[in-house]
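Descriptive analysis of the structure
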Amino acid sequence: MKKTNKLSMRNKLLSTAIVLMSITALSCSTQKAATDSPESKGLKDYYKDYFPIGVAVSARSLTTDEAPFILTHFNSLTAENAMKMGPIHPKEDQYNWKDADSIAAFAQRHKLKLRGHNLLWHSQAPSWFFTDANGQTVTKEVLLQRMKEHITTVVNRYKGTIYAWDVVNEVISDNPNEYFRNSEFYKICGEDFVAKSFEYAHEADPDALLFYNDYNEISAVKREKICKMIEGLKNAGVPIHGVGLQAHWAVNEPSRSQLDSTLKRFAELGLKVHITELDISVYPKEHNARERKATDTDTTFSAEKEKKQMEVYKMCFELFRKYKDVISSVTFWNISDRHSWLDNFPVRGRKDYPLLFDKNLEPKKAYWEVVKF
């Protein structure tokens, strides 16, 4: 009788153990399913076998509800404005590190890649760079020395944290009949300032990847001018490692063939390609700022605008995936439709909706087209 009771007890314990194991297995299976579900995956997770997905941020955005959202969807950051010449070095004897340091610390804390943007740009270069104490234009030697001091100081501060820099930004002219933009850098130094900028950055951090960055890269004329300059730098032994395509596009451009030929041409340079400032405006592309017109009053995100934007985003990412062996980073310019620089360009105060997430940080239809492959 005793043996029967012991056997019965053993069978009950065995049955209980089997039930518990089944429950545990089911729980693990459910957790895995939840982890792999579309609701729990971020944009970066869909592209883990392709390229990092980045976003341009402000220091403030990293202290709001956007911070956890960023960590869900992105694994690379770019400082939208904090590292540009004007904000970070407004006076010869003054550097403003606070916002840039904050962004760098966030990237380090969460093990995110960090791109530096940018070391030299005519549009936000402080006027003191170009004049002496008497207000006279400085010599080429003085300007190059100021550039070297600026680039060396900024690059050294983030050495080991920033893996790639947009060294020189937008020096090629949009005028078909003009090669270099007639900036103060160009007027004083000629073309030399471009090569010198890359040399200074490389001296400061030999491990950093150095990029030339520009917009309207889908224009066949401007594209060839960019390639001509880069090929010249390469042939001269200048340390340039990649080209950044800003990708400020719209619902009416680029076409598939236009973008395909653009990516193909830049791939031929034998350098890395980064998509650095991606957004797709819901309005037809305009390249210059203008005053508001009567036709600008309709700023609703209509079904028609949504459909057009969805189609362009889908096409862009199809081609990004096609060129995955060349493209090693894709970065969006701003986080969501809450805020975009396009809200004030080309028309100040005209709301745009150029990103994959709406103002509530929810995925738009374009998002699901981008991750559906």
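Residues numbered from 1 in each chain as written. Predicted model: local features only at pLDDT ≥ 70, side-chain atom pairs only at ≥ 80, totals over all residues. Heavy atoms only, no water.

Some points on the overall build of the protein chain
- For the protein chain, the count of helices and strands is 12 helices and 9 strands.
- Nonlocal contacts in the protein chain, meaning residues at least 24 apart in sequence, comprise 76% of its contacts between residues at least 6 apart. (Helix = DSSP H or I, 4+ residues; strand = E, 2+ residues; numbered from the N terminus. Contact = heavy atoms within 4.5 Å.)

Description of the pattern of salt bridges
- Within this structure, the stated rule accounts for 28 salt bridges.
- The salt bridge involving Lys 148 is made with Glu 203; its shortest N-O contact spans 4.0 Å. Remark: Glu 203 occurs in helix H8 (residues 192-204) and Lys 148 occurs in helix H6 (residues 140-157); sequence separation between them is 55 residues.
- Using a relative accessible area of 32% as the deciding quantity, one classes Lys 148 as partly exposed.
- Ionic pairing is found between Lys 307 and Glu 311, a salt bridge with its closest N-O pair at 2.6 Å. Linking Lys 307 with Glu 311, this pair stays in helix H11 (residues 303-322), spanning 4 residues, or about one helical turn.
- Classification of Lys 307 by relative accessible area gives partly exposed; the value is 47%. (Salt bridge = Lys/Arg side-chain N within 4 Å of Asp/Glu carboxyl O. Buried < 20%, exposed > 50% of the residue type's maximum accessible area, 1.4 Å probe, protein only.)

Observations regarding helix H5 (residues 98-109)
- Between its first and last C-alpha atoms H5 spans 16 Å; for 12 residues at 1.5 Å apiece the expected length is 16 Å, and the two agree.
- Of all the positions in H5, only Ala 100, Ile 103, Ala 104, Phe 106 and Ala 107 are classed as buried. Buried residues of H5, seen end-on, are gathered within an arc of 160 degrees and therefore sit on one face of the element. What points out from H5, more than 90 degrees from its buried face, is the exposed set Lys 98 and Arg 109. (Expected span 1.5 Å × (residues − 1). Arc of directions from axis to C-beta.)

Scope: geometric values only; no functional claims are made or implied.
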